[in-house]
Amino acid sequence: MSDRLFIFDTTLRDGEQVPGCQLNTVEKIQVAKQLEALGVDVIEAGFPISSPGDFNSVIEISKAVTWPTICALTRAVQKDIDVAADALREAKHKRIHTGIGTSDSHIRYKFNSNREEIIERAVAAVKYAKRYVEDVEFYAEDAGRTENEYLARVVEAVVKAGATVVNIPDTTGYCLPQEYGAKIKYLMEHVDGLSAGKAILSTHCHNDLGMATANTMAGVLNGARQAEVTINGIGERAGNTSLEEVAMILKCHRGIGIDTNINTQKIYPTSRMVSSLMNMPVQPNKAIVGRNAFAHSSGIHQDGVLKNVQTYEIMNPKDVGIDDNAIVLTARSGRAALKHRLSVLGVELEGERLDATYQEFLKLADKKKEVNDDDILMLAGADRAAAHAVKLDYLQVTTGMGVKSVACIGLDIAGEKFEASASGNGPVDAAIKALKNIIKRQMVLKEFTIQAISKGSDDVGKVHMQVEYDGHLYYGFGANTDIVTASVEAYIDCINKFKK
Ligand code: KIV
Ligand code: ZN
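No experiment lies behind these values; they were computed from the predicted model shown.

A. Quick look at the site of ligand 1. Neighbouring residues of ligand 1: Arg-13, Asp-14, His-97, Tyr-139, Glu-141, Asn-167, Pro-169, Thr-171, His-204 and His-206. One of the side-chain N or O atoms of Asp-14 is found 3.1 Å from an oxygen atom in ligand 1. Relative to its free-state accessible area of 260 Å², ligand 1 is covered by the protein chains to the extent of 92%. Looking at the shell around ligand 1, the elements with two or more residues in it are α1 (11-15), β6 (136-141) and β7 (165-170).

B. The arrangement of the side chain of Lys-183 in detail. Tracing the sequence through the fold places Lys-183 in helix α8 (residues 177-190). There is no salt bridge for the buried Lys-183, and the closest opposite charge comes from Glu-179, which lies 6.4 Å off by N-O distance. A distance of 2.7 Å separates the side chain of Lys-183 from the side chain of Asn-148, its partner in a polar contact.

C. Structural context of the packing of aromatic side chains. All chains considered together, the criterion is met by 4 aromatic pairs. With 4.3 Å between their ring centres and 20° between their planes, Tyr-469 and Phe-498 make a pair best called stacked. Here Tyr-469 is found in strand β15 (residues 461-469), whereas its partner Phe-498 is found in the segment after α18 (483-496), with 29 residues between them in sequence. Both rings, one in Tyr-474 and one in Phe-498, keep their centres 4.8 Å apart while their planes meet at 55°; by these two values the pair is tilted. Remark: Phe-498 occurs in the segment after α18 and Tyr-474 occurs in strand β16 (residues 472-480); sequence separation between them is 24 residues. Of the residues examined, Tyr-474 reaches a relative accessible area of 7% and is grouped as buried. By the ring-pair criterion, three or more aromatic residues cluster together here, those being Tyr-469, Tyr-474 and Phe-498.

D. Examining the packing of α8 against helix α10 (residues 212-221) more closely. At a minimum axis distance of 8 Å, the contact between α8 and α10 shows a crossing angle of 30°. Between α8 and α10, the angle falls in the class roughly parallel. Remark: the crossing between α8 and α10 carries right-handed chirality. Along the contact surface, α8 presents Pro-177, Tyr-180, Gly-181 and Ile-184, while α10 presents Ala-214, Asn-215, Ala-218 and Gly-219. Across the contact of α8 with α10, the residue classes tally to 5 nonpolar, 3 polar and no charged.

E. Just helix α7 (residues 148-160), in detail. Look at α7: 18 Å from first C-alpha to last across 13 residues, which is about the 18 Å you get at 1.5 Å a residue. Burial in α7 covers these residues: Tyr-150, Leu-151, Ala-152, Val-154, Val-155, Ala-157, Val-158 and Val-159. Gly-162 sits one or two residues past α7 and shows a positive phi near 120°.

F. Here's a closer look at the pattern of salt bridges. Under the criterion given, the structure shown has 29 salt bridges. As a salt-bridge pair, Arg-225 and Asp-3 come within 3.0 Å of each other at their nearest N and O atoms. Of this pair, Arg-225 sits in the loop between α10 and β9 (226-229) while Asp-3 is found in strand β1 (residues 3-4), placing the two residues 222 residues apart along the sequence. Among the ionic pairs, Asp-355 bridges to Arg-335, the shortest N-O distance being 2.5 Å. A residue pair is termed long-range when its members are at least 10 positions apart, and Asp-355 in helix α15 (residues 351-367) and Arg-335 in helix α14 (residues 335-344) qualify at 20 residues.

G. Here's a closer look at unusual backbone geometry. Phi angles above zero are rare outside glycine, and Asn-112 is one such case at about 45°. Summarising the element assignment, Asn-112 is placed in the loop between α5 (104-110) and α6 (115-130). A relative accessible area of 70% places Asn-112 in the exposed class. For Asn-279, which is not glycine, the phi dihedral falls at a positive 50°. With respect to the secondary-structure elements, Asn-279 resides in the loop between α12 (267-278) and α13 (299-307).

H. Representation of a nonpolar patch on the surface in the model. On the surface, a cluster of nonpolar side chains totalling about 230 Å² of accessible area is made up of Leu-445, Phe-448 and Ile-450. In this fold, Ile-450 is placed in strand β14 (residues 443-451).

I. Geometry of the sheet that holds strand β12 (residues 405-413). One open sheet holds the 3 strands; their spatial order is β11-β12-β13, and the pairing between them is antiparallel. The open sheet is flanked by β11 (390-398) and β13 (416-424), the only strands paired with a single partner. Neighbouring strand axes in the sheet, compared pairwise and without regard to direction, differ in orientation by 15° on average. Taken together, the 8 bridges between β11 and β12 define a ladder with antiparallel strand orientation. Bridging across to β12, Leu-392 finds its partner in Leu-411. Those strands touched by helix α17 (residues 427-438) are β11, β12 and β13, and its axis lies near 140° from that of β13.

J. Summary view of the side chain of His-97. You can see His-97 is positioned in strand β5 (residues 94-101). Since its relative accessible area comes to 1%, His-97 is described here as buried. Within the structure, the side chain of His-97 is placed 3.3 Å from the side chain of Asn-167, a separation counted as a polar contact.

So, how was this worked out
Residues numbered from 1 in each chain as written. Chains lettered and ligands numbered in written order. Predicted model: local features only at pLDDT ≥ 70, side-chain atom pairs only at ≥ 80, totals over all residues. Heavy atoms only, no water. Near = heavy atom within 4 Å. Polar contact = N/O pair within 3.5 Å; in protein donor to acceptor, adjacent residues only side chain to side chain. Areas by Shrake-Rupley, 256 points an atom, 1.4 Å probe, with all protein chains shown as cover. Helix = DSSP H or I, 4+ residues; strand = E, 2+ residues; numbered from the N terminus. Buried < 20%, exposed > 50% of the residue type's maximum accessible area, 1.4 Å probe, protein only. Lys, Arg positive; Asp, Glu negative; His and termini not counted. Salt bridge = Lys/Arg side-chain N within 4 Å of Asp/Glu carboxyl O. Phe/Tyr/Trp six-rings, centres within 6.5 Å; stacked < 30°, edge-to-face > 60°. Axes fitted to C-alpha atoms, helices over the stretch in contact; angles between N-to-C directions. Parallel < 35°, antiparallel > 145°, perpendicular 65-115°, else oblique. Left-handed = near helix turned anticlockwise from the far one by under 90°. Contact = heavy atoms within 4.5 Å. Nonpolar A, V, L, I, M, F, W, Y, C, P; charged D, E, K, R; others polar. Expected span 1.5 Å × (residues − 1). Patch = residues over 30% accessible without salt bridge, like charges linked within 9 Å, V, L, I, M, F, W, Y side chains within 5 Å. Pairing = 2+ DSSP bridges.

Structural data, given as structure tokens:
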């Protein structure tokens, strides 16, 4: 019989910490339900003490999700644990994830403390969390750079205090796979509570050196039985281990003898949903879910695949939910077809929201022949902009080679209409200058990315922008078949997020 690896998804906590990836509560519930359908065992829903929004999201996700365990993060601080326990009150299965830094640099510089005191604080936090919930996970932050002998003492102490899972994060993504694997092996061999089955070890690897998945697998092969992962590998800095990679490694390498509960056919739709809601593009060559992950471009490879698909494919795209025969939506598709396709992608729309999205779909389908999954996910999220104070009414740009571009813009600001025009060095420059003639603030455009158009000149272009205002950075997103309009929408998205 094969062993079971528990999948702990932290897309909504470590993943959502990424600047520009913040979701509102409704969007988080949508992702959480999709994670439940995907089959994850634990959903880390947030860090409740960090903000009222996080607190509220943990409550709402707890209500919306049935069988996965809902987990809330805390520091080893009583107030954090009180707030987390309160946020988890509606969860059917709940876990508190508490912890403290254990590497010498964390102990000295972050806590101005010493090793013995850190063990005391760790034990006290676990015991305190145990007053509220049975299932307590402890994280030894920066375990990757913590000396193994001391780490084993910490793990032994927290397991004795009642921790059911002990997380060994490679917080800085520093470890080599053999080093991380040896760390897990050392703990398995030197901590009595682990061999006695009182707790399991968890991996939590960051990707700073591109080794997150390799380190996670090294941990699993040496005895860890929970892996902490995110969809598309999103997360702090270079990200976390990606769920899809771990799930597919274990599916492709049956010989390892470890299974997960992941319904792999839901991987691709989940990836699309997270990418679309977080406005976080997936790199084209990303393993499993990248646009090119199953594309064979060289002649030799294409020839081989046509003769026998196994020559160059180690997994079937259908196994991860990529369906080449998916229905393509056009202007003649009905509401039911749109509803069905959205449902396959994990978005359930009914009533007025479905009607509104369908009307937008018809407008888009008039502009492009075929409407793809990215487009309809974008349309389904478009109502997020409806509540914004600043809206784009119209935009007209005259541009060409050898002439200066001129833009006229109309804005609706909380119901009042404004118009302005400007000339500029190209259409986007002209349009943004015209916008700034209405909104006269000291804003500086810091980053401007146009996502590559992949499927034809009528495709929707996606723009990400970062604008600095009043000492803060704001992230905005726009999507439109007209790339200049998408750019202005992204700029307006930033403005709508300004704190004052
Ligand atoms: O990377 C890390 O150490 C973490 C902990 C808070 C679990 O995210
Ligand atoms: Zn982390």
